[in-house]
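# Breakdown of the fold
Below, each chain spelled out in residue letters.
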Amino acid sequence: MTGLPLPPVPEPYHLPFHYGALHNIGVDYLVDPERARRLLDKRHPGLSAATFDGGACVSLNYQLYFAQYPNGGGITEELEINLIAHPAFAEERIPVVNYGQYARGYDQTKLLGIARLHVLCDNPLAIDAGRRLYAEPKHPGWFETTLPSLNAPAVRERWSISCRRAELGPDGLRRHQEEVLALDVDLVGLTPEPVNNTPITGYGTDEEGKLLAGPLHVHHPYRYYALDDRTADRVRLDLGNPAEEAARDLAQLVGEAPAAGVWTYQSAPVAAHHRAYYVR
């Protein structure tokens, strides 16, 4: 029998990892491909940056998710800074698609995936799992957010995410006030379209230089918002201290590029506790 062995699944982890609920927003930028190639060569030498309409694609991906375990549950927030890429050896297998087609899921080979440059996360267990299972460059961070919610007087498509510096200590996550980056997205009044663009292939490179790929299946369409010159200013990205590597790399990649598209997903509620009434 020939082929590659599967990567190990170290204790105490179990795969696949099931999300109990997911709230997710992604913002894409089309940027200078040469800057993207240089950074990708440094982080993932087995990958090549994809190009759409002459630009490489930087994708910011914020997630808030819940998972249920045998002895309880946990909530995690994380933010990925990604480049859309594919294995270098698979160049001739990649379909020719523009950015809009890619965002709508036209690439069914799923070789176009996210090459993770930085992942900031507030859950020590998720940081460890991401590193050991998927070779993610995952590090501590924490978040202040405002998200659309059914448990609010009015549900509005406004997302605000502030990612701040943190470090791991013996007592867990230590939070600092320095901001790494902030993202504000106002989608009010814009019309989304449903897109089925998963599974999303996530790429990682382990300490031995081996390239890993792991798919994420989301079992419901995303809401995709195509942006243009009239609507790109609905997205505002602010970068914090340039001493932070994630902010520095993002500034180098994005520069003054406008946002090209936004995609969102929010898990549907599974139950509702309704208003009380008087009983005579």
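Worth saying up front: this structure is predicted, and the values here are computed from it rather than measured.

### As for the overall build of the protein
- Of regular secondary structure, the protein possesses four helices and 15 strands.
- On C-alpha atoms alone, the protein measures out to a radius of gyration of 19 Å, which is about the 19 Å that the 2.2 N^0.38 rule sets for 280 residues.
- Each principal axis of the C-alpha distribution contributes one length, and for the protein these read about 75 × 50 × 40 Å.
- A total of 280 residues make up the protein; the buried ones form 46% of that total.
- Contacts spanning at least 24 positions in sequence make up 70% of the contacts within the protein whose residues lie at least 6 apart.
- Carbon and sulfur atoms make up 52% of the accessible area of the protein, which amounts to about 15900 Å² in all.
- Within the protein, the 35 negative side-chain charges are centred at a point lying 5 Å from the centre of the 26 positive side-chain charges.

### Focus: the pairing of strand E12 (residues 211–216)
- As defined by bridge partners, strand E11 (residues 200–205) adjoins E12 across six bridges and the pair is classed as antiparallel. Each bridged residue has a counterpart across the sheet, and for Gly-204 the counterpart in E12 is Leu-212.
- Connecting E11 to the next strand, E12, in antiparallel fashion are five residues, including Gly-209 with a positive phi near 85°.

### Section: the side chain of Asn-82
- Relative to the helices and strands, Asn-82 is located in strand E5 (residues 72–87).
- Among the polar contacts listed, one links the side chain of Asn-82 to the side chain of Glu-80, at a separation of 3.0 Å.

### What to know about the packing of helix H1 (residues 33–43) against helix H4 (residues 245–254)
- At a minimum axis separation of 9 Å, H1 and H4 run at an interaxial angle of 145°. Contact with H1, carried on its side by Arg-35, Ala-36, Arg-38, Leu-39 and Arg-43, involves Glu-245, Asp-249, Gln-252 and Leu-253 of H4 and no other residues of that element.
- Taken together, the residues of the contact of H1 with H4 sort by class into three nonpolar, one polar and five charged.

### Examining a nonpolar patch on the surface
- Together, Phe-17, Tyr-19, Tyr-69 and Leu-125 make up an exposed nonpolar region whose accessible area comes to about 330 Å².
- Checked against the element boundaries, Tyr-19 lands in the segment before strand E1 (21–31).

### Let's talk about the nonpolar core
- Residues Tyr-29, Phe-52, Val-58, Val-185, Val-235 and Val-262 are the most contacted members of the largest nonpolar core, which totals 68 residues.
- Broken down by element, this core gets its largest block of residues, six residues, from strand E4 (residues 55–69).
- Excluding its chain neighbours within four sequence positions, the residues that come into contact with Phe-52 are Leu-30, Cys-57, Ile-84, Val-97, Asn-98, Tyr-99, Tyr-102 and Leu-112.

### A short note on the pattern of salt bridges
- Per the counting criterion, the structure on display carries 21 salt bridges.
- A salt bridge links Glu-178 to Arg-165, with the nearest nitrogen and oxygen atoms 3.3 Å apart. Residue Glu-178 is found in strand E9 (residues 172–186), and its partner Arg-165 is found in strand E8 (residues 158–169); the two are separated by 13 residues along the sequence.
- Where Glu-208 meets Lys-210, a salt bridge forms, and the shortest distance between an N and an O atom there is 3.3 Å.
- Relative accessible area serves as the criterion here: at 63%, Glu-208 is assigned to the exposed category.
- A relative accessible area of 49% places Lys-210 in the partly exposed class.

### A word on the pairing of E8
- Sheet topology places strand E7 (residues 138–146) next to E8; six bridges connect them, and they run antiparallel. Residue pairing across strands places Glu-144 opposite Ser-162, the latter belonging to E8.
- A loop of two residues connects E8 with E9, the two strands running antiparallel in sequence.

### Quick look at the environment of Leu-253
- Structurally, Leu-253 can be placed in helix H4.
- Leu-253 sits in the buried class, given a relative accessible area of 0%.
- If we skip the residues at most four places from it in the chain, Leu-253 touches Val-31, Arg-35, Ala-36, Leu-39, Val-58 and Leu-117.

Cut-offs applied
- Residues numbered from 1 in each chain as written.
- Predicted model: local features only at pLDDT ≥ 70, side-chain atom pairs only at ≥ 80, totals over all residues.
- Heavy atoms only, no water.
- Helix = DSSP H or I, 4+ residues; strand = E, 2+ residues; numbered from the N terminus.
- Rg over C-alpha atoms; globule rule 2.2 N^0.38 Å.
- Buried < 20%, exposed > 50% of the residue type's maximum accessible area, 1.4 Å probe, protein only.
- Contact = heavy atoms within 4.5 Å.
- Areas by Shrake-Rupley, 256 points an atom, 1.4 Å probe, with all protein chains shown as cover.
- Lys, Arg positive; Asp, Glu negative; His and termini not counted.
- Charge placed at Lys NZ, Arg CZ, Asp CG, Glu CD.
- Pairing = 2+ DSSP bridges.
- Polar contact = N/O pair within 3.5 Å; in protein donor to acceptor, adjacent residues only side chain to side chain.
- Axes fitted to C-alpha atoms, helices over the stretch in contact; angles between N-to-C directions.
- Nonpolar A, V, L, I, M, F, W, Y, C, P; charged D, E, K, R; others polar.
- Patch = residues over 30% accessible without salt bridge, like charges linked within 9 Å, V, L, I, M, F, W, Y side chains within 5 Å.
- Salt bridge = Lys/Arg side-chain N within 4 Å of Asp/Glu carboxyl O.
- Core = buried A, V, L, I, M, F, W, Y, C linked by side-chain atoms within 4.5 Å.

Geometric values such as these leave the question of function open.
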